[in-house]
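Observations on the model geometry
The chain contents come next:
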Amino acid sequence: MARSPYPMSGAADLHAWLMSEQPSSRRQAAFGRAYAGWRAFARNRLALLGLAIVLGLVLVAALAPWLAPYAPNVGDLMTTRLLPPSAAHWLGTDDQGRDILSRILHGSRITLFVVGLVAMLAAPIGLVVGTVAGYFGGYVDAALMRVTDIFLAFPRLILALAFVAALGPGIENAVLAIAITSWPAYARIARAETLTIRHADYIAAAQLLGASRWRIVWRHIMPLCLPSVIVRVTLDMAGIILTAAGLGFLGLGAQPPSPEWGAMIAAGRQYVLDQWWVAAGPGLAIFIVSLGFNLLGDGLRDALDPKAGE
C-alpha cells in the first residue's frame, strides 16, 4: 500500500497514537484505554446529558455567591413573604420572605458536599473490605461478609435515621450516617469481582515473583475492581441525595436556616396547596440532579463494561 504524500494532521496523529494496538509504554496504554472509554461514553447522548447536569451542579455550587440574586438567608416578612414566581423572584419566595432560587443555588453546595464526602468515605471502605474478603477467603471472608450482611439487612434510610439519632442532628453527622450505610453494596461488588480474578494467571505470576498478598490486593486486584465500584457509586448518588434530603426533611440533616433542599421541602409542605412553589422549587432541583447522576451512571456502566465491545 502506497504511503500518502501528505503528512497526517496533529489530531490524526494523536488519534492513531491513542488507538494503537501495540502501545510502546504503560502511559500510552493507559491513555488509550481512557480514550476508548470516552469514545464509548460519548456515543450515549443521555449519558452526555447526565454529565452536563452534573458539571452544571459543580459550576453552580462554585459560583453560587455570584449567581444568586439575593442573600440565601435574608428575607422581609413585611413585603416579600410567600410571593409567587415573578421577574423579581423567578421561583418565588418562602414563608420567611427569602428568595427560593437563591436558596436552591446555595443549597447545591450542600448537596455536592454530601455526595462528594459520602463517596470519598464509603467507596474506599467497601473496596478494601470486598477485595480483602474475596482474596483472602476463609475466616476473613466469612467475618467481613457477615458484618456486611448485617448492614444490608436494614433499609438504608432507617439505618441512617438510627445513626443520626444517636450522633445528633447536623449535616456532618448525616454524611457520616449515610457513608456508614452505603459501603456494604460496594464491598459486595468488589468481592464478586475479586472472586473472578484471584485465580488468574497474572495473579499466580505475581505470587511466583514473591509479591506479598497485600501487595497483590493493592496493586493488581483493587485497580481491576475500581471501575465497577465507580459505576455503582455514580448510580448511588441519586439515592444518597434522596437519603440526605429525607434526613433534612425530618429535621435530622442540615439545620435551619441552612438552604438544604430536603429541609426547604419540609418548610413548604404546609403551603403545598396554595403556595405550591415553596416546595416545588427544591423538589425539582432534587429531581434534575438525581436524574443527571442516574444518566451518568448508566453511561459509565456501558463505557466501562469490558464485555461491551464483544
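Every value quoted in this text rests on a predicted model; they were computed, and no experiment measured them.

Where nonpolar side chains cluster on the molecular surface, the patch consists of Leu59, Leu63, Trp66 and Leu67 and spans about 450 Å² of accessible area. Looking at where Leu63 falls in the secondary structure, it is placed in helix α3 (residues 45–67). Take Leu63: its relative accessible area is 33%, and that puts it in the partly exposed class.

This part takes up a positive patch on the surface. A contiguous patch of positive charge, built from Arg26, Arg33, Arg215 and Arg219, is present on the exposed surface. Those elements that provide at least two residues to the positive patch are α2 (26–42) and α9 (213–249). With respect to the element layout, Arg26 can be found in helix α2. With a relative accessible area of 73%, Arg26 lands in the exposed category.

Put simply, the protein chain has an average pLDDT of 87, and 95% of its residues get 70 or more. Here helix α1 (residues 10–18) stands out as the least confident element of the protein chain, with mean pLDDT 73; α3 is the most confident, with 95. In the model, residues 1–8 has pLDDT below 50 throughout and makes 2 contacts with residues more than four positions away in sequence or in other chains.

Below, the discussion takes up α2. Since one α-helical turn is 3.6 residues long, residues separated by three or four positions face the same way. Helix length check: α2, at 17 residues, gives a terminal C-alpha distance of 24 Å against a target of 24 Å (1.5 Å per residue), a fit within 8%. Every buried residue of α2 is accounted for by Gln28, Gly32, Gly37 and Phe41.

All right, on to the nonpolar core then. Counting residues in hydrophobic clusters, the biggest one holds 63 residues, and the most contacted among them are Val114, Ile240, Trp261 and Phe293. Where this core is concerned, the elements lending two or more residues are α3, α4 (100–136), α6 (156–167), α7 (171–197), α8 (201–208), α9, α10 (261–268) and α11 (277–304). Each residue touching Phe293, except ones within four places of it in the same chain, is listed here: Val54, Leu57, Val115, Thr234, Met237, Ala238 and Ile241.

With 15 residues, helix α5 (residues 138–152) ought to run about 21 Å at 1.5 Å a step, and its terminal C-alpha atoms sit 21 Å apart, in line with that. Buried within α5 we find Asp141, Met145 and Thr148. Down the axis of α5, the sector holding all buried residues measures 55°, keeping them to one side. Away from the buried face of α5 by more than 90 degrees, exposed residues Tyr139 and Ile150 are located. Buried residues along α5 sit against α4 and α7.

This part is about the packing of aromatic side chains. Applying the stated criterion across every chain yields a total of 5 aromatic pairs. Between the aromatic rings of Tyr135 and Phe136, the centroid separation amounts to 5.7 Å while the plane-to-plane angle is 90°, which identifies the pairing as edge-to-face. Take Phe136: its relative accessible area is 21%, and that puts it in the partly exposed class. Taken together, the ring pairs connect Tyr135, Phe136 and Trp214 into an aromatic cluster. The aromatic ring of Phe249 is capped on one face by Arg269, whose charged end is 5.1 Å from the ring centroid.

Before going further, it helps to spend a moment on the side chain of Thr194. Among the structural elements, Thr194 can be located in helix α7. In terms of polar contacts, Thr194 uses its side chain to reach the backbone carbonyl oxygen of Ala190, at 2.7 Å. Excluding anything up to four places from it in sequence, Thr194 contacts Gly130, Thr131, Gly134, Tyr135, Ile221 and Cys225.

Okay, the packing of α3 against α11 next. Across the interface, α3 lies against α11 with an axial gap of 7 Å and an inter-helix angle of 130°. One element, α3, and the other, α11, form an angle in the oblique class. Note that α3 runs across α11; the crossing there is left-handed. Contacts between α3 and α11 involve Leu46, Ala47, Leu49, Gly50, Leu51, Ile53, Val54 and Leu57 on the former and, on the latter, Ile288, Val289, Gly292, Phe293, Leu295, Leu296 and Gly299. Looking at the contact of α3 with α11 residue by residue, the class counts come to 12 nonpolar, 3 polar and no charged.

Where charged atoms of side chains with opposite charge meet at close range, the side chains can pair. The tally for this structure, following the rule as stated, stands at 8 salt bridges. The partner of Asp149 in a salt bridge is Arg146, and the shortest N-O contact between them spans 2.8 Å. Of the two residues, Asp149 and Arg146 both sit in helix α5, 3 residues apart, roughly one turn of that helix. Given the relative accessible area of 26%, Asp149 is considered partly exposed. Judged by its relative accessible area of 45%, Arg146 falls in the partly exposed class.

Another aspect to go through is the side chain of Thr80. Structurally, Thr80 is set in the loop between α3 and α4. Polar contacts involving the side chain of Thr80 include one to the main-chain carbonyl oxygen of Gly97, which spans 2.9 Å. Setting aside anything within four residues of it in sequence, one finds Thr80 in contact with Gly75, His89, Thr93, Asp94 and Gly97.

Quick notes on the rules
- Residues numbered from 1 in each chain as written.
- Predicted model: local features only at pLDDT ≥ 70, side-chain atom pairs only at ≥ 80, totals over all residues.
- Heavy atoms only, no water.
- Patch = residues over 30% accessible without salt bridge, like charges linked within 9 Å, V, L, I, M, F, W, Y side chains within 5 Å.
- Areas by Shrake-Rupley, 256 points an atom, 1.4 Å probe, with all protein chains shown as cover.
- Salt bridge = Lys/Arg side-chain N within 4 Å of Asp/Glu carboxyl O.
- Helix = DSSP H or I, 4+ residues; strand = E, 2+ residues; numbered from the N terminus.
- Buried < 20%, exposed > 50% of the residue type's maximum accessible area, 1.4 Å probe, protein only.
- Lys, Arg positive; Asp, Glu negative; His and termini not counted.
- Charge placed at Lys NZ, Arg CZ, Asp CG, Glu CD.
- pLDDT = per-residue confidence, 0-100.
- Contact = heavy atoms within 4.5 Å.
- Expected span 1.5 Å × (residues − 1).
- Core = buried A, V, L, I, M, F, W, Y, C linked by side-chain atoms within 4.5 Å.
- Arc of directions from axis to C-beta.
- Phe/Tyr/Trp six-rings, centres within 6.5 Å; stacked < 30°, edge-to-face > 60°.
- Lys NZ or Arg CZ within 6 Å of the ring centre and 35° of its normal.
- Polar contact = N/O pair within 3.5 Å; in protein donor to acceptor, adjacent residues only side chain to side chain.
- Axes fitted to C-alpha atoms, helices over the stretch in contact; angles between N-to-C directions.
- Parallel < 35°, antiparallel > 145°, perpendicular 65-115°, else oblique.
- Left-handed = near helix turned anticlockwise from the far one by under 90°.
- Nonpolar A, V, L, I, M, F, W, Y, C, P; charged D, E, K, R; others polar.

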